[in-house]
Amino acid sequence: MEWNFLTAEKLTAALRAGEVTSAELTDEAIARIERDDKAINAICVPDFDRARAAARDADQARARGEDRPLLGIPVTVKESYDIAGLPTTWGMQPHRNYLPAEDAVQVSRLKAAGAVVLGKTNVPMGLQDIQSFNEIYGTTNNPWDHGRTSGGSSGGSAAALASGFGALSIGSDIAGSLRTPAHFCGVYAHKPTLGLAASRGMVPPTAPALPAEPDLAVVGPMARTARDLTLLLDIMAGPDPLTLGVAHEVTLPPARHERLRDFRVLVLDDHPLIPTSSAVRAGVHRVADALADGGARVERHSPLLPDLSEAAILYTQLLFSGFSGRFPLEAYEQLRTHAAGLDADDHSLDAALLRGMAFSHRDWIQADSRRELHRHGWRRLFAEFDAVVCPITPTPAFPHDHNPDLRARRIDIDGTDYPYLDQLVWAGLATMPGLPATAIPTGRSPEGLPVGVQLIGPMHEDRTPLRLAELLEQKLGGFQAPR
């Protein structure tokens, strides 16, 4: 049997039934990587010897009667997570030989659940791109079209899943870094509520692995089905054992509804600051039609929706203020001078980016206060709706573009060019207020490229977007392997 594209759920059932061993699954996954990854370049740091040893240990544990959630399941891990004995570079040349001494907390949780780690997946330099390429490991190609990006910054993980290189992967998300690669590669991903899953050990190389919770950024699961996403999220969820994890455990509440016809869903396909391509708009409409066909209440407009333009500007300011905090003082002062010279009437996203990078602490506090007003608006909206369906980016996967100046790049939307970074507004819709969002495949574009959407769920996360993803998977067909 071909095991590489089966779900973690089905692989676990086969392992429990004695139909296959972890050693066999691992050898088959490694063989596939060695055969196919030359063209994809998803696995940048293989760890095959230790994977085979872990698989043998898993088989012996099962023979002793042990049974853990991922016992014997081959998985991959985004390069940015620390794994003891493997390089953590974030794609940055000065750190190509950095070897952390300890596993990241999420890697420890994977291993404790019995997973077999095949290796690490490729990322953009510094995790700061919507593509995955760097000078150390090269470019990760989209499995559907090698001339296009797999997305970023968890692009290696998405490409690995789409190619059958392991059943699950873990990534991170601050600007759609889980959701965009899932959308581009036709797989599933979940951005948890801010703070739900501990992120210690997902830090830049040489930085201490402290139990701090960064603003906006989260870690989360990637899979080929919605049920596998839920399985992996349950393993990842919970505070760091160095902090609140001493006193708290997390069990996600059930979804608000179990049947599609009970859901109340707001569907968005238009943003005031950037158009949506016809291919992505068609994907949103496929989801809306599936919801309506299943009896769900579908609305296209609501006065409760927070202002999308203000949300995008606020997100851009908060996102880029976090980046500039690490700049040398001289560079920061140059940014402040540049931002001060902007026209007061310039309300473009590029102006918001520059102003955010020049933020003072006072500026950030004021922006954070505006964010709380948006959060309050989302709470009111989710009293009337159970989920919001909207794009992840305005287009399917685009051709590779390695121009080092991100602000000089352009994104083609149905024949018209727009600023490259403006495509982040849809990802920021969930990121800025810290909402959970599940990325699901909806089918393919006329060019044969995957198209996904995100299901944004209520704050104080429960299983609502994940359950809705599962129900839509039954209607839309879910993951398909690249041909």
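Keep in mind it's a predicted model, so treat the numbers as computed, not measured. (Residues numbered from 1 in each chain as written. Predicted model: local features only at pLDDT ≥ 70, side-chain atom pairs only at ≥ 80, totals over all residues. Heavy atoms only, no water.)

A. Examining the overall build of the protein more closely. What the protein contains, in helices and strands, is 14 helices and 17 strands. Compactness check: the protein gives a C-alpha radius of gyration of 21 Å against a globular reference of 23 Å for 483 residues, within 12% of the reference. When the backbone C-alpha atoms are referred to their principal axes, the protein occupies close to 70 × 55 × 50 Å. Relative to its full complement of 483 residues, the protein shows a buried share of 59%. In the protein, 76% of the contacts between residues at least 6 apart in sequence involve partners at least 24 apart. (Helix = DSSP H or I, 4+ residues; strand = E, 2+ residues; numbered from the N terminus. Rg over C-alpha atoms; globule rule 2.2 N^0.38 Å. Buried < 20%, exposed > 50% of the residue type's maximum accessible area, 1.4 Å probe, protein only. Contact = heavy atoms within 4.5 Å.)

B. Structural view of the side chain of R109. In this structure, R109 sits in helix α4 (residues 105-112). Excluding anything up to four places from it in sequence, R109 contacts A198, I235, M236, A237, G238, P239, D240 and P241.

C. Highlighting the sheet that holds strand β8 (residues 168-173). Pairing in this open sheet of 11 strands is mixed, and the strands run β1-β3-β2-β8-β10-β9-β16-β17-β13-β11-β12 from one edge to the other. Each edge of the open sheet carries a strand with a single partner, namely β1 (43-46) and β12 (297-299). The mean angle between the axes of side-by-side strands here comes to 30 degrees, regardless of whether they run parallel or antiparallel. Alignment of strand β9 (residues 188-191) against strand β10 (residues 218-223), held across 2 bridges, turns out to be antiparallel. Among the inter-strand pairings, A189 is bridged to a residue of β10, identified as M222. Here helix α2 (residues 22-40) sits on the sheet in contact with β1, β2 (74-78) and β3 (116-121), set at roughly 20 degrees to β3. (Pairing = 2+ DSSP bridges. Axes fitted to C-alpha atoms, helices over the stretch in contact; angles between N-to-C directions.)

D. Up close: the nonpolar core. Membership of the largest hydrophobic core comes to 64 residues, with the highest contact counts inside it found for L70, Y81, L291 and L468. Ranked by residue count, the leading element in this core is helix α7 (residues 226-236), at 6 residues. Look past the residues within four positions of L468 in its chain and what remains in contact with it is L260, F263, V265, L291, A387 and L455. Listed in part, the 26 residues of the second largest apolar core include L318, L335, A367 and M432. (Core = buried A, V, L, I, M, F, W, Y, C linked by side-chain atoms within 4.5 Å.)

E. Spatial organisation of the pattern of salt bridges. Applying the stated criterion to the full structure yields 31 salt bridges. Linking D36 and R32 is a salt bridge whose minimum nitrogen-to-oxygen distance equals 3.8 Å. Here D36 pairs with R32, and both are found in helix α2, just 4 residues apart, close to one helical turn. Its salt-bridge partner being R371, residue D368 comes within 2.9 Å of it at the nearest N-O pair. One end of the pair, D368, and the other, R371, are both in helix α12 (residues 361-384), 3 residues apart, so they sit about a helical turn from each other. Comparing D368 with R371, the two get one shared label, buried. One salt-bridge network, in which partners are shared between bridges, spans E9, R227, E258, R467 and E470. (Salt bridge = Lys/Arg side-chain N within 4 Å of Asp/Glu carboxyl O.)

F. Quick peek at the packing of aromatic side chains. Here the structure, examined in full by the defined rule, presents 5 aromatic pairs. Relative to F382, the ring of W378 lies with its centre 5.8 Å away and its plane at 25 degrees, an arrangement referred to as stacked. Note that W378 and F382 are positioned in helix α12 at a spacing of 4 residues, about one turn of the helix. The same class applies to W378 and to F382, which are both buried. Relative to Y420, the ring of F398 has its centre 5.7 Å away and its plane inclined at 80 degrees; by these criteria the two rings are edge-to-face. Of this pair, F398 sits in the loop between β13 (387-390) and β14 (410-413) while Y420 is found in the loop between β15 (416-419) and α13 (425-431), placing the two residues 22 residues apart along the sequence. Assigned by exposure class, F398 and Y420 land together as buried. One aromatic cluster is present, formed by F184, F398 and Y420 through successive ring pairs. R224 extends its terminal NZ or CZ atom over the ring of F479, reaching a point 6.0 Å from the ring centre. (Phe/Tyr/Trp six-rings, centres within 6.5 Å; stacked < 30°, edge-to-face > 60°. Lys NZ or Arg CZ within 6 Å of the ring centre and 35° of its normal.)

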